[in-house]
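Each chain, written out:
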Amino acid sequence: MVHVSAPPEVLWPLISDIHLVASLSSEVQEVVWLDEVRAPAVGAAFRGRSRHKAVGEWTTTSQVIACDPPRVFAWAVQDPDDPAAMWRFELTPRDGGTDLRQW
């Protein structure tokens, strides 16, 4: 957890932007919303293309499993009922700023 000197409403557009999250990764090469989705919502899906020198290149499909602006944004990689991985961001207002948890 990290405390950020900004309210959740300021952080929400950053943590819910799959393109920004991908741009900060050395492994993720590209992400694209599927089915003309332009904003995160529960059930929305996106495809990611990743690369790592030890394992090569691969593509996954992820689905948004939690979207509660400006508090929670999460997605499951591959099957939401039995995910290969899950990513989750939680924003909690505290002391004029926000506690940000990511896992």
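Further up the page is the structure itself.
Below, the structure is looked at part by part. In this numbering scheme, every chain counts its residues from 1 along its sequence in written order. The predicted origin of the model limits local features to residues at a pLDDT of at least 70 and limits the giving and counting of side-chain atom pairs to 80 or more, whereas totals for whole chains, interfaces and linings rest on all residues. As a rule here, side-chain values cover all heavy atoms of the structure and leave hydrogens and water aside.

**Some points on the sheet that holds strand β7 (residues 97-102)**
And then number 1: Two strands qualify as a pair provided that DSSP identifies no fewer than 2 bridges between them. Each helix corresponds to a stretch of at least 4 residues labelled H or I by DSSP, and each strand to a stretch of at least 2 residues labelled E; elements are numbered beginning at the N terminus. Read across the open sheet, the 7 strands follow the order β1-β7-β6-β5-β4-β3-β2; overall the sheet is antiparallel. Each edge of the open sheet is held by one strand with a lone partner, namely β1 (2-4) and β2 (28-33). Across the sheet, the mean angle from the axis of one strand to that of its neighbour is 25°, orientation sign disregarded.
And then number 2: In this structure, strand β4 (residues 56-68) lies alongside strand β5 (residues 72-77), joined through 6 bridges in antiparallel fashion. Directly across from Ser62, in β5, lies its bridge partner Val77.
And then number 3: For this analysis, residues touch if any pair of their heavy atoms sits within 4.5 Å. Axes here mean lines fitted to C-alpha atoms, for a helix over just the part in contact, with angles spanning 0 to 180 degrees between N-to-C directions. Each of β1, β4, β5, β6 (85-94) and β7 touches helix α1 (residues 8-15); the most contacted strand, β6, lies at about 165° to it.

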